[in-house]
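# Structural overview
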Amino acid sequence: MATLSAARCLVVKIGSALLVDQASGALRQDWLTGLAQDVAEIRARGADVILVSSGSIALGRRVLGLGTGALPLEQVQAAAAVGQIRLARAYEEVLAPHKITTAQVLVTLEDSTDRRRYLNTRATLGTLLSLGVTPIVNENDTIATDEIRYGDNDRLAAQVAVMAGADQLVLLSDVDGLYTANPATDPTATRFDRVDEITPEIEAMAGDAVSGLSKGGMKTKLMAARTAMDAGCAMAITEGARPRPLKALMDGAPATWFVPRTDPLAARKHWIAAMKPRGEITVDAGACAALKRGKSLLPAGITEVSGAFGRGDPVIILAPDGTALGRGLTRYTAVEARAIRGHRSAEIEAVLGYPGRAVLIHRDDMVL
């Protein structure tokens, strides 16, 4: 069974119904303060934390006096624009006393389906975490239309977990797990403590959303679970309305854990190995030895580049004698790779005319 105390990188999804009082539209300040304490304690154990938070539209519509009920797209986007700044400030204020720096990251569905945007988002999240920052992620509702929306933060949270290489994802929900039926209407419904595989029978048990503010129901949570599990990330569904919900989960509060068969890095490398290569990169003997020791590939160790590939495309890595060492995702285009081959990382900006990344293929993006 997965346990929250073992997380190395944790993504937490927080819905509007938890953050915003449904009657008044005001922020639930006490609850958010308790969540901040949970985050601080998890980080103190050495884990990274990313928060995927709804709430901007709910907060913004209250400020604009838009009332309840469905809104036209233009008003949704306006409410999001007004609410986003308040949502970011709320997280900044509750986490600052714990000496935690926050950052706002706004994404759309296109940021995960477009290869370049995906890599940019992944790099940004990785850099923020390496600097000790807690990212606050939300869908960019100010510009997103229905065609480019996730539509719910359950699936967004799962995609963020994949991009960040997280090993655990927690969906704070209005129910304490996955049940055989809707527990609000069926007193005989029983909760699953653990799910190792999402079968058609389990999918059939999912119901629709019941909260007035939340968009996602159990169906979207199962979709999120499938995405997370495929990437080697364990996922929990647990009740979020209680004070300090993450501490409660660590202390044994009811939940359903979806447990993957592998870990995030192994799942990613399996995915890379299955991709069709777009080119080849030949390395010298020194780079060949370094790669076998688990190092990343630097431009200085490259002798030849062939093919026409873009940033993020898979390439074959060849030893000096032409034998295949493995595959990896390149952080440069073929044109750029040819220009910087044999150069030290400190020389990249002078060669290209703009700052570049120190490595051409990172060891986490490589399979030997």
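None of these values were measured; they are calculated from a predicted model.

This next bit is on the overall build of the protein. Per the secondary structure count, the protein includes 14 helices and 13 strands. Once the C-alpha set of the protein is aligned to its principal axes, its extents read approximately 70 × 45 × 40 Å. Summing over all exposed atoms, the protein offers an accessible surface of approximately 16700 Å²; the carbon and sulfur share of this is 51%.

With that settled, consider the sheet that holds strand E10 (residues 302-307). Taken in spatial order, the 5 strands line up as E10-E9-E11-E12-E13 in an open sheet, and their pairing is mixed. Where the open sheet ends on each side, the last strands, each with one partner, are E10 and strand E13 (366-367). Against the sheet, helix H11 (residues 264-273) makes contact with strand E12 (324-329) and E13, and its axis sits at roughly 105° relative to E12, the strand it touches most.

Attention now moves to the side chain of Arg-61. Of note, Arg-61 is situated in helix H3 (residues 56-64). Excluding residues within four positions of it along the chain, Arg-61 makes contact with Leu-66, Gly-67, Thr-68, Gly-69, Leu-71 and Ala-79.

For the rest of this paragraph, the subject is the pattern of salt bridges. Tallying each qualifying case throughout the model produces 15 salt bridges. The partner of Arg-242 in a salt bridge is Glu-239, and the shortest N-O contact between them spans 3.4 Å. Since its relative accessible area comes to 21%, Arg-242 is described here as partly exposed. What makes Glu-239 partly exposed here is its relative accessible area of 26%.

Turning next to the pairing of strand E1 (residues 9-14). In terms of burial, E1 is a largely internal element, 6 of the 6 residues being buried. Burial of the side chains of E1 extends over both faces: Cys-9, Val-11 and Lys-13 are buried on one face and Leu-10, Val-12 and Ile-14 on the other. Looking at chain direction, E1 and strand E2 (residues 48-53) are connected through 6 bridges and run parallel. Considered in E2, the bridge of Leu-10 is made with Val-49. Looking at chain direction, E1 and strand E5 (residues 168-173) are connected through 5 bridges and run parallel. If you follow Val-11 over to E5, its bridge partner there is Leu-169.

Next up on the list: the environment of Thr-108. Following the sequence through the fold, Thr-108 ends up in the loop between strand E3 (102-107) and helix H5 (110-113). C-alpha of Thr-108 to C-alpha of Thr-262: the two residues are 154 residues apart in sequence and 28 Å apart in space.

With that settled, consider H11. Taken together, the buried positions of H11 are occupied by Pro-264, Ala-267, Arg-268 and Ile-272. For H11, the arc enclosing every buried residue in end-on projection is 140°, short of the 170-degree limit, so these residues lie on one face. Between the side-chain oxygen at the start of H11 and the backbone nitrogen of Leu-265 there is a gap of 3.1 Å, and the oxygen is on Asp-263.

Here the focus is the state of the cysteines. Taken as a whole, this structure holds 0 disulfides when the rule is applied. Its sulfur unpaired, Cys-9 is 8.3 Å from the next cysteine sulfur, which belongs to Cys-233.

Quick look at the pairing of E12 now. A regular strand places its side chains on the two faces of the sheet in alternate fashion. Note: strand E11 (residues 314-318) against E12, 5 bridges, orientation antiparallel. Looking at E12, one finds that Pro-314 is bridged to Leu-329. Here E11 folds back onto E12, and the loop between the two strands holds 5 residues, one of which, Gly-322, carries a positive phi near 90°. When E12 meets E13, the two strands line up antiparallel, connected through 2 bridges. Considered in E13, the bridge of Gly-328 is made with Met-366.

What follows is about the nonpolar core. One finds Val-11, Val-137, Val-160, Leu-169, Met-235 and Phe-258 to be the most contacted residues of the largest nonpolar core, which totals 38 residues. Elements with a contribution of two residues or more to this core: E1, E2, E3, helix H6 (115-130), helix H7 (153-164), E5, helix H9 (218-230) and strand E7 (234-239). The contact partners of Met-235, leaving out residues within four places of it in the chain, are Leu-169, Leu-171, Lys-221, Ala-224, Ala-225, Ala-228, Thr-256, Trp-257 and Phe-258. The next biggest cluster of nonpolar side chains, apart from the first, holds 36 residues, and it includes Leu-10, Leu-32, Leu-59 and Ala-234.

Moving on, we come to the environment of Ala-339. Turning to its location among the elements, Ala-339 is positioned in helix H13 (residues 334-340). A relative accessible area of 34% places Ala-339 in the partly exposed class. When the C-alpha positions of Ala-339 and Leu-10 are compared, they lie 39 Å apart, and in sequence the two are 329 residues distant. Look past the residues within four positions of Ala-339 in its chain and what remains in contact with it is Val-351 and Leu-352.

Read from one edge of the open sheet, 8 strands run E3-E4-E2-E1-E5-E7-E8-E6, paired in mixed fashion. For this open sheet the edge positions go to E3 and strand E6 (194-195), each flanked by a neighbour on one side alone. Relative to strand E8 (residues 255-258), E7 runs antiparallel, the two being bridged by 4 bridges. Considered in E8, the bridge of Ile-237 is made with Thr-256. Strand contacts of H9: E5, E6, E7 and E8, with the helix running at about 155° to E7, the strand carrying the most contacts.

What counts and what doesn't
- Residues numbered from 1 in each chain as written.
- Predicted model: local features only at pLDDT ≥ 70, side-chain atom pairs only at ≥ 80, totals over all residues.
- Heavy atoms only, no water.
- Helix = DSSP H or I, 4+ residues; strand = E, 2+ residues; numbered from the N terminus.
- Areas by Shrake-Rupley, 256 points an atom, 1.4 Å probe, with all protein chains shown as cover.
- Pairing = 2+ DSSP bridges.
- Contact = heavy atoms within 4.5 Å.
- Axes fitted to C-alpha atoms, helices over the stretch in contact; angles between N-to-C directions.
- Salt bridge = Lys/Arg side-chain N within 4 Å of Asp/Glu carboxyl O.
- Buried < 20%, exposed > 50% of the residue type's maximum accessible area, 1.4 Å probe, protein only.
- Arc of directions from axis to C-beta.
- Polar contact = N/O pair within 3.5 Å; in protein donor to acceptor, adjacent residues only side chain to side chain.
- Disulfide = S-S within 2.5 Å.
- Core = buried A, V, L, I, M, F, W, Y, C linked by side-chain atoms within 4.5 Å.

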